[in-house]
Amino acid sequence: MSNSSSGEMSRLFLPPINRAMRKLDPSFFQKTIPLTAAHVLDGRNIPKVTKECAKDLLRVPRLRSVITQKDDAGEERRLLLMKPEVKHDDLSTVQPKTREFVEQKIIELEPYTLHMKYENWNYEEIMSAILPEDLGEIPCGFTQAGHLAHLNLREHTLPYKHLIATVLLDKNPNISTVVNKIEDVGTGSVYRTFPMELLAGEDNTNVEVRESGCVFRFDFAKVYWNSRLGNEHERIFKQFKPGEAVADVMAGVGPFAIPAAKQRVFVYANDLNPESYKSLVDNIKINKVSQFLTPHNLDGANFIRESIRALLSRSRNTSTNKVSIPTPGRRGQKPPPPPTVIPMPPTFSHFVMNLPASATTFLGAFRGAYRGLEDVITGQEMLPMIHVYTFHKAPVTENAAGDICADISRHLGHEMREGDLVNLENVRLVAPSKTYYCVSFRLPASVAFEDTQGT
Ligand SMILES: C[S@@+](CC[C@H](N)C(=O)[O-])C[C@H]1O[C@@H](n2cnc3c(N)ncnc32)[C@H](O)[C@@H]1O
């Protein structure tokens, strides 16, 4: 079959068009298509006929081409739907093999009326039948958090927002709430949340999401969550080793912190948003990581300074400086095997700072943060690796590293060169002129021990 006739055929199976529809009316989407069916007289021949008459059989996505009917006597009849150009009363319209089967009475060709309805078409097909042709691409991108789909519709598609959301809801059985971002997160939103409106489905923004083998419960409308960051979270927490201590300065609901604690890393996790803190506390319980994870609800700069001292004093307190994990033994084993004891280290190996719009401005909190601890920090490698997130104007080919180093240097009060960075990760392009980076570097000793009293 030529491309143009296959194009015509697929058009035949598209839904009817109604560009005036503003409220979804599923009953409008009906179509009756006269076809031919091959009645396979002995059901056991279905595989043979399907294989050998393949060129004559109907192939339309999501449409079953094998139909089971009951005849007047209640006996089952099996029909194979044929392509539209096959005519039941004209054997010149079929391939030789089909003709042979008709002549051998393996099949009989008969008229068949195909009824298509709303359920037979997917989201794109229905929306293409409703939205104006000059609208451009059908808006089909959304991010999902549990049962909630989150759209970020462009201005010109807003008149169709309810239609878009309703069809999306109908066509994705695991989604029951569809919301749209009303405004950009912008720099004004301290907690990185954004106003949203419910477009379709139940008014419930309390979601449950699984990431990295952990469960996260939170209110999507009140905290920050980005389902696109799963790989980035994993890239970072995989760098932590069991028994190390790590501080997550802007932890949100815990997507770095909870999986890290699950792999027996001691985590101090912090978020200024009381709602994030609340969900973090819940998620610690849900994921059973309370032995390894300590939550905080402080401003990031205070947290950086306080956590360094708090960890050190906890590691020196014999009643709090270790975690004992029972070792599973044989049933009734006496005495039971000794527990695995994991001691708490005196210093953090990593700090994570994921607040890209302003995280570098918190770096100043490291200036002099280790002053007086020179006897504890016995080597450069005892100073933490810092993973700080930042935005840079795209395109990526521009001198991002140079600009980012200049920004970091300003806040650390210490010149950082490109060669001082351990890694510069291009996380993703968030807008045509905005790239999201993660910069990793070891805290320089001169910054850690700086005498800030005199400045
Ligand atoms: C981009 S989100 C990242 C959350 C989490 N780390 C993640 O990857 O999903 C930034 C977080 O920083 C928190 N935040 C904003 N200002 C803060 C501050 N001054 N101190 C601590 N946390 C802050 C926000 O509430 C938000 O949860």
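Throughout this description, residue numbers start from 1 for each chain and increase along the sequence as written. With the structure being a predicted model, the display of local features is reserved for residues of pLDDT at least 70 and the display and counting of side-chain atom pairs for 80 or more, all residues being used for whole-chain, interface and lining totals. Neither water nor hydrogens contribute to the side-chain values; these are computed over all heavy atoms in the structure.

This part covers the overall build of the protein. Looking only at helices and strands, the protein has 11 helices and 19 strands in total. Over its C-alpha trace the protein gives a radius of gyration of 31 Å, far above what one expects of a compact globule, namely 23 Å for 455 residues. With the principal axes as the frame, the protein shows a C-alpha extent of 100 × 65 × 40 Å. Only protein chains enter the accessibility calculation, which uses a 1.4 Å probe; a residue whose area is less than 20% of its type maximum is buried, one above 50% is exposed, and one in between is partly exposed. Across the 455 residues that make up the protein, the buried fraction comes to 47%. Whether two residues touch is decided by their heavy atoms; if any such pair falls within 4.5 Å, the residues are in contact. Here the contacts in the protein between residues at least 6 apart in sequence split such that 66% fall between residues at least 24 apart. Surface exposure of the protein reaches about 23,100 Å², of which carbon and sulfur atoms provide 50%. Only four residue types enter the tally: Lys and Arg on the positive side, Asp and Glu on the negative side, with His and both chain ends excluded. Here the site of a charge means atom NZ of a Lys, CZ of an Arg, CG of an Asp or CD of a Glu. Positive and negative side-chain charges in the protein, numbering 54 and 53 respectively, have mean positions lying 6 Å apart. In this description a helix means any DSSP run of H or I spanning at least four residues, a strand means any run of E spanning at least two, and both kinds are numbered starting from the N terminus. The globule rule is 2.2 Å times the number of residues to the power 0.38, and the radius of gyration it is compared with is taken over C-alpha atoms. All accessibility values rest on the Shrake-Rupley procedure with a 1.4 Å probe; residue burial counts only the protein chains present in the view.

Together, Val190, Tyr191 and Leu272 line one region of the surface with nonpolar side chains, adding up to about 260 Å² of accessible area. With respect to the helices and strands, valine 190 occurs in the loop between strand 7 (177–181) and strand 8 (196–201). Owing to a relative accessible area of 57%, valine 190 belongs among the exposed residues under this scheme. What makes a patch is a set of residues exposed beyond 30% relative accessible area and free of salt bridges, joined within 9 Å when like-charged and within 5 Å when nonpolar (Val, Leu, Ile, Met, Phe, Trp, Tyr). When a carboxyl oxygen of Asp or Glu is within 4 Å of a side-chain nitrogen of Lys or Arg, the pair counts as a salt bridge.

Right, let's get into the UniProt feature "binding site: S-adenosyl-L-methionine" (unreviewed entry) in the protein. UniProt positions are given in the numbering used here, feature names are shortened, and annotations may be inferred rather than shown by experiment. Within the UniProt annotation, "binding site: S-adenosyl-L-methionine" (unreviewed entry) is assigned to His233, Asp271, Leu272, Asp299, Gly300 and Asn354. Inspection of the secondary structure puts histidine 233 in helix 6 (residues 230–237). Definition of a polar contact: a pair of N or O atoms within 3.5 Å, with one able to donate and the other able to accept a hydrogen when the atoms are protein atoms, and with sequence-neighbouring residues admitted only if both atoms are side-chain atoms. Separated by 2.7 Å, the side chains of histidine 233 and glutamate 211 make a polar contact. Assessed through its relative accessible area of 12%, aspartate 271 is described here as buried.

Another point: the pairing of strand 11 (residues 245–248). With burial as the criterion, each face of strand 11 is covered, one bearing Ala245 and Ala247 and the other bearing Val246 and Asp248. Summarising the sheet, strand 11 and strand 12 (residues 266–270) pair through four bridges and their orientation is parallel. Residue valine 246 lies in a different strand from strand 12, and its bridge partner there is valine 267. Assignment of crossover handedness uses the view with strands pointing away from the viewer, where a clockwise path from the first strand over the helix to the second indicates a right-handed crossover. Handedness of the crossover is the feature at issue here: the chain leaves strand 11, passes through helix 7 (residues 257–262), returns alongside strand 12, and the resulting connection is right-handed. Taken together, the three bridges between strand 11 and strand 16 (residues 350–353) define a ladder with parallel strand orientation. Residue pairing across strands places aspartate 248 opposite valine 352, the latter belonging to strand 16. By the convention used here, strands pair only if DSSP detects at least 2 bridges between them.

As a further point, take the sheet that holds strand 8. Read from one edge to the other, the open sheet built from four strands follows the order 5-6-7-8, with strand pairing classed as mixed. For this open sheet the edge positions go to strand 5 (143–145) and strand 8, each flanked by a neighbour on one side alone. Each strand of the sheet is rotated relative to its neighbour by a mean of 30 degrees, with strand direction disregarded. The pairing of strand 5 with strand 6 (residues 148–151) spans three bridges and is classified as antiparallel. Along strand 6, the bridge assignment pairs glutamine 144 with alanine 149. To get an axis, fit a line to the C-alpha atoms, keeping to the stretch in contact for a helix; angles then go from 0 to 180 degrees between the N-to-C directions. Sitting on the sheet, helix 5 (residues 161–171) is in contact with strand 6, strand 7 and strand 8, with an inclination near 50 degrees to strand 8.

Throughout, the protein atoms alone are placed on a 1 Å grid, and a set of points is a cavity if a 1.4 Å probe fits but cannot get out or a pocket if it is open with protein on both sides within 12 Å along at least five of seven lines; lining residues have an atom within 4 Å of a point. Grid points are joined across faces, edges and corners, and a volume is the space filled by probe spheres set on the points. Summed over the entire model, instances satisfying the criterion amount to two cavities of 30 Å³ or more. Taken together, Arg192, Thr193, Phe194, Met196, Phe220, Ala221, Val223, Tyr224 and Trp225 make up the lining of the largest cavity. Residues are grouped as follows: Ala, Val, Leu, Ile, Met, Phe, Trp, Tyr, Cys and Pro are nonpolar; Asp, Glu, Lys and Arg are charged; all remaining types, including Gly, are polar. Residue classes in the lining of the largest cavity are distributed as seven nonpolar, one polar and one charged. Each pocket or cavity is described by its volume, and for the second largest cavity that value is around 40 Å³. Lining the second largest cavity are Ile308, Leu312, Pro346, Thr347, Phe348, Tyr370, Leu373 and Val376. For the lining of the second largest cavity, a count of residues per class yields seven nonpolar, one polar and no charged.

Right, let's talk about the layout of surface pockets for a bit. Gaps left between atoms show up when a probe the size of a water molecule is rolled over them. The space that makes up the second largest pocket amounts to roughly 160 Å³. Along the walls of the second largest pocket sit Ala261, Lys262, Arg264, Asn287, Lys288, Val289, Ser290, Gln291, Phe292 and Ile325, which together make up its complete lining. In the lining of the second largest pocket, the residues fall into four nonpolar, three polar and three charged.

The strands that make up a sheet pair up through hydrogen bonds in the backbone, lying either parallel or antiparallel. If you walk across this open sheet you meet the seven strands as 13-12-11-16-17-19-18, and the pairing is mixed. Edge positions in the open sheet fall to strand 13 (293–296) and strand 18 (421–431), since each of these has one partner strand only. Taking each pair of neighbouring strands and ignoring which way they run, the sheet shows an average axis angle of 15 degrees. One ladder, built from four bridges, connects strand 12 with strand 13; its direction is parallel. Residue tyrosine 268 lies in a different strand from strand 13, and its bridge partner there is threonine 294.

Among all positions in helix 4 (residues 123–130), only Tyr123, Ile126, Met127, Ala129 and Ile130 are buried. Considered in projection along helix 4, the buried side chains sweep an arc of 160 degrees and stay on one side of the axis. The N-cap of helix 4, judged by a side-chain oxygen 3.3 Å from the amide nitrogen of glutamate 124 a few residues on, is asparagine 122. Working definition: the arc comes from the directions between the helix axis and the C-beta atoms, pointing outward to the latter.

Turning our attention to the state of the cysteines. By definition, disulfides here are pairs of cysteine sulfur atoms that lie within 2.5 Å. Taken as a whole, this structure holds zero disulfides when the rule is applied. Cysteine 214 forms no disulfide, and the closest cysteine sulfur to it belongs to cysteine 438, at a distance of 19 Å. Of the residues examined, cysteine 214 reaches a relative accessible area of 1% and is grouped as buried.

Moving on, we come to the pattern of salt bridges. Where side chains of opposite charge bring their charged atoms close, a pairing between them can arise. Enumeration over the complete set of coordinates arrives at 19 salt bridges. Measuring nitrogen to oxygen at the nearest pair gives 2.8 Å for the salt bridge that ties glutamate 232 to arginine 235. Within this pair, glutamate 232 and its partner arginine 235 are both found in helix 6, separated by three residues, close to a single helical turn. For the pair formed by glutamate 232 and arginine 235, the shared burial category is buried. Through salt bridges with shared partners, one network takes in Glu52, Lys97 and Glu100.

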